[in-house]
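# Survey of secondary and tertiary structure
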Amino acid sequence: MSTASTGPLEVGEAWDRVAAHTAPLPAERVALAAAAGRIAAQDARSGVDLPPFDRSAMDGYAVRAADTHPPAALTIAGEVAAGEVAENELAPGTALGITTGAALPPGADAILRVEDARVADGAVTPAGALAPGFHVRYRGEDVARGDVLAPAGTALTVQRVTALASAGVGEVAVHRRPVVHVLATGTELLEPGAAPEPGRIHESNRLTLRLLAERAGAEVVVHPVVPDDPDATRVAVQAGLAGDVLAVSGGVSVGPHDHVKPALEACGVREAFWRVRLKPGKPLWFGRRDVTLVFGLPGNPLSAVACFLLFVGPALRRLQGERDAAPPYVPVRLAVPARPADGRTTLLTARLVRAPDGVLEATPTEGQGSHLTGALAASDAFVVIPHAAGELPAGTVADALLL
Ligand code: AMP
Ligand code: MG
């Protein structure tokens, strides 16, 4: 692990370092319903052939196709409904009433649809000749027992879970969910909803980080607010190192009351980097102790969100086994010119509107600042303006991070 804190890293370099420290968590077996949205840790295979037996695709009559050349009256020998199995072989010259999904009786090889059948005097006459296999769904024609329905490393989407349920699978191996501990430091911080007090502000980062981490698939443990005191910070950090990830907000800059970095060091967390050429989010700190990843996030609410979207969220996806998880950039088109601020890659809060040609068009909010939660509330995304870009004219395609 690199310990040298030189200048701020480029955003891409910082992500590469986070990714290099982030490996999938061990697997666990869970019920299919609990596996939805998670990542398969092993190939999930079908337990059966699908369909599991030859079955009717239609309501009608099971027949011997040869008996319909030419069409002739066939004696109705009874009925087999979905869920039942006909015991006896279908005798030549007879037909068996059958419902959609019922097993084809032995001896039958085609289905005469009700719409194509004329019934009179206990016999059914087909409107025309039938080819063998007509309206029969054959065993295994969709999926064979042992077929891979969700390869290791892929997401268990609703469509894959549906296929696995149909294939008789009740449980699958998925990567464990990361446990994320969330701390916020700052003597000035009041709990959400508390009565205002002079000189103090309402705290929002623990809630934001919890919601974003849960949305990214993590289990979250939220700790009490930590005052700006070296001992209190060290004790809180020690407690927060119990999970897979610790996200601490605030106190990671260079002020006299920023105690997070010394506390992390005292607890044996080794630095991978500190500071990114990013606005908002420059003071981001990242390191690791044993298997626990630690993110020291700047306290300003928009900085915390930006660093989550760029680094913490993708790391949580990788921990859950999503091998190629990375910052989730989507292309948007700038509605107005935009420029990076003071030599850093700049995330601008922006509204998104779909233009008449179908492309998402981004208009940055009037106010831009890492403390402007009002602007955040009015935004759909951050638009990313690379520091090397200079001013980008309206119409330029840029990356965005959806909020
Ligand atoms: P810091 O990173 O500790 O220097 O904090 C930067 C700014 O963010 C300061 O104005 C803090 O009051 C504010 N801040 C710190 N933590 C939080 C938090 N959890 N929620 C909202 N604002 C915060
Ligand atoms: Mg602070």
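Our subject is the structure that appears above.
Report follows, based on the coordinates. Sequence order as written defines the numbering, with residues in each chain counted from 1. Chains carry letters and ligands carry numbers; both start at the beginning, A for chains and 1 for ligands, and go up in the order they are written. Selection of residues for local features in this predicted model requires a pLDDT of at least 70, selection of side-chain atom pairs for listing and counting requires 80 or more, and totals for whole chains, interfaces and linings are taken over all residues. Excluding hydrogens and water, the side-chain values take into account all heavy atoms of the structure.

This paragraph deals with the overall build of the chain. Counting its regular elements, the chain contains 8 helices and 26 strands. Radius of gyration means the value over C-alpha atoms here, while the globule rule gives 2.2 Å times the residue count to the 0.38 power. For 403 residues, the compact-globule estimate of 2.2 N^0.38 gives 22 Å, and the C-alpha radius of gyration of the chain, at 31 Å, exceeds that figure by more than 25%. Looking at the chain alone, contacts between residues at least 24 apart form 70% of all its contacts between residues at least 6 apart. When the accessible surface of the chain is summed, it comes to about 18,400 Å², and 54% of that surface belongs to carbon and sulfur atoms. Counting 35 positive and 44 negative side-chain charges, the chain places the centres of these two groups 7 Å from one another. Only DSSP runs of H or I reaching four residues or more are called helices, and only runs of E reaching two or more are called strands; each is numbered from the N terminus. Throughout, a contact is declared for two residues whenever any of their heavy atoms are within 4.5 Å. In these tables, accessible area is a Shrake-Rupley quantity obtained with a 1.4 Å probe, and a residue counts as shielded only by the protein chains included in the view. Note on charges: Lys and Arg go in the positive column, Asp and Glu in the negative column, and His and the chain ends are not counted at all. In plain terms, the charge of a residue is placed at NZ if it is Lys, CZ if Arg, CG if Asp and CD if Glu.

Quick look at the side chain of Thr233 now. Here Thr233 lies in helix α5 (residues 230–240). From its side chain, Thr233 meets the backbone oxygen of Asp229 in a polar contact 2.6 Å long. In the analysis that follows, any N or O atom pair within 3.5 Å is treated as a polar contact, provided that within protein one partner can donate a hydrogen and the other can accept it, and provided that, for residues neighboring in sequence, both atoms belong to side chains.

What follows deals with the site of ligand 1. Whether a residue is near a molecule or strand is decided by its heavy atoms; if any one of them lies within 4 Å of it, the residue is near. If you check the shell around ligand 1, you find 16 residues, and the closest are Glu188, Glu203, Ser204, Gly251 and Gly299. Separating a nitrogen atom of ligand 1 from a side-chain N or O atom of Glu203 is a distance of 2.9 Å. Residue Asn205 places a side-chain N or O atom 3.3 Å away from a nitrogen atom belonging to ligand 1. For the shell around ligand 1, the per-class residue count stands at 5 nonpolar, 9 polar and 2 charged. The residue classification treats Ala, Val, Leu, Ile, Met, Phe, Trp, Tyr, Cys and Pro as nonpolar and Asp, Glu, Lys and Arg as charged. All others, Gly included, are polar.

Bringing helix α1 (residues 11–20) into the picture now. Residues Val11, Ala14, Trp15, Val18 and Ala19 constitute the buried set of α1. Looking straight down α1, one finds that the buried residues subtend no more than 135° of arc, so they occupy a single side. Think of it in three bands: with a 1.4 Å probe and only protein chains considered, a residue is buried below 20% of the maximum accessible area for its type, exposed above 50%, and partly exposed in between. Arc definition: it is the arc formed by the directions from the helix axis to the C-beta atoms.

Residue Pro70 is bonded to the preceding His69 through a cis peptide linkage, with omega at -5°. Secondary-structure assignment places Pro70 in the loop between β4 (60–63) and β5 (74–80). Following Lys279, the chain continues to Pro280 via a peptide bond in cis, the omega torsion being -5°. Its location among the elements puts Pro280 in the loop between β19 (278–279) and β20 (285–289). Positive phi values are uncommon outside glycine, yet Asp121 reaches one of about 55°. Note on placement: Asp121 falls in the loop between β8 (117–120) and β9 (123–126). Not every positive phi belongs to a glycine, and Asp290 is a case in point at roughly 50°. Mapped onto the elements of the fold, Asp290 is located in the loop between β20 and β21 (292–297).

Glancing now at the packing of aromatic side chains. Stacked, edge-to-face and tilted are the three classes for Phe, Tyr and Trp ring pairs, Trp counted by its six-membered ring, which pair at centre distances within 6.5 Å; planes under 30 degrees apart are stacked, over 60 edge-to-face, the rest tilted. The final tally for this structure, using the stated rule, is 2 aromatic pairs. A ring pair is formed by Phe286 and Phe295, whose centres lie 4.9 Å apart and whose planes are at 45°; its orientation type is tilted. Classification of Phe286 as buried rests on a relative accessible area of 0%. Residue Phe295 is classed as buried on the basis of its relative accessible area, which comes to 0%. Grouping aromatic residues by their ring pairs yields a cluster made of Phe273, Phe286 and Phe295. Consider the ring centre and the ring normal. A charge sits over the ring if Lys NZ or Arg CZ is within 6 Å of that centre and within 35 degrees of that normal. One cation-aromatic arrangement involves Lys261 over Trp274; the distance from NZ or CZ to the ring centre is 3.2 Å. The cationic tip of Arg275 hangs over the ring face of Trp274; the distance from NZ or CZ to the ring centre is 4.6 Å.

This brings us to the sheet that holds β8. Pairing between strands is defined by DSSP: at least two bridges between the two strands are required. Spatially, the 6 strands line up as an open sheet ordered β7-β4-β6-β5-β9-β8, and their pairing is mixed. The strands lining the two open edges of the sheet, one partner per strand, are β7 (110–113) and β8. Mean inter-strand twist for the sheet, computed between neighbouring axes without regard to direction, equals 40°. Pairing of β5 with strand β6 (residues 94–98), which is carried by 4 bridges, proceeds in the parallel orientation. Across the sheet, residue Thr75 finds its bridge partner in β6, namely Thr94. As a rule, the C-alpha atoms of each element are fitted with a line to give its axis, helices using only the stretch in contact, and angles between N-to-C directions run from 0 to 180 degrees.

Sheet strands line up and pair through hydrogen bonds in the backbone, either parallel or antiparallel. Read from one edge of the open sheet, 6 strands run β16-β13-β17-β21-β20-β18, paired in mixed fashion. For this open sheet the edge positions go to β16 (219–222) and β18 (270–274), each flanked by a neighbour on one side alone. Averaged over all neighbouring strand pairs, the angle between strand axes comes to 20°, with direction disregarded. Contacts between α1 and the sheet are confined to β18, β20 and β21, with β18 contributing the most and set at about 160° to the helix. Across the sheet, helix α4 (residues 205–215) touches β13 (179–184), β16, β17 (245–249) and β21, and the angle it forms with β16 is around 165°.

Attention shifts here to the environment of Leu297. Relative to the helices and strands, Leu297 resides in strand β21. Expressed as a C-alpha distance, the spacing of Leu297 and Val252, which sit 45 residues apart in the sequence, is 6.9 Å. Those residues in contact with Leu297 that lie beyond four places of it in its chain are Leu209, Ala247, Val248, Ser249, Gly250, Val252, Leu284, Cys307 and Val312.

This next bit is on the pattern of salt bridges. Salt bridges are defined as contacts in which a side-chain nitrogen from Lys or Arg sits within 4 Å of a carboxyl oxygen from Asp or Glu. Within this structure, the stated rule accounts for 19 salt bridges. The residue Asp342 makes a salt bridge to Lys279 at a minimum N-O spacing of 3.9 Å. Taken as a pair, Asp342 in the loop between β22 (329–334) and β23 (345–354) and Lys279 in strand β19 lie far apart in primary sequence, 63 residues in all. On the basis of relative accessibility, which here comes to 56%, the residue Asp342 falls in the exposed class. For Lys279, a relative accessible area of 30% puts it in the partly exposed group. We note a salt bridge from Arg339 to Glu391, for which the minimum N-O separation is 3.5 Å.

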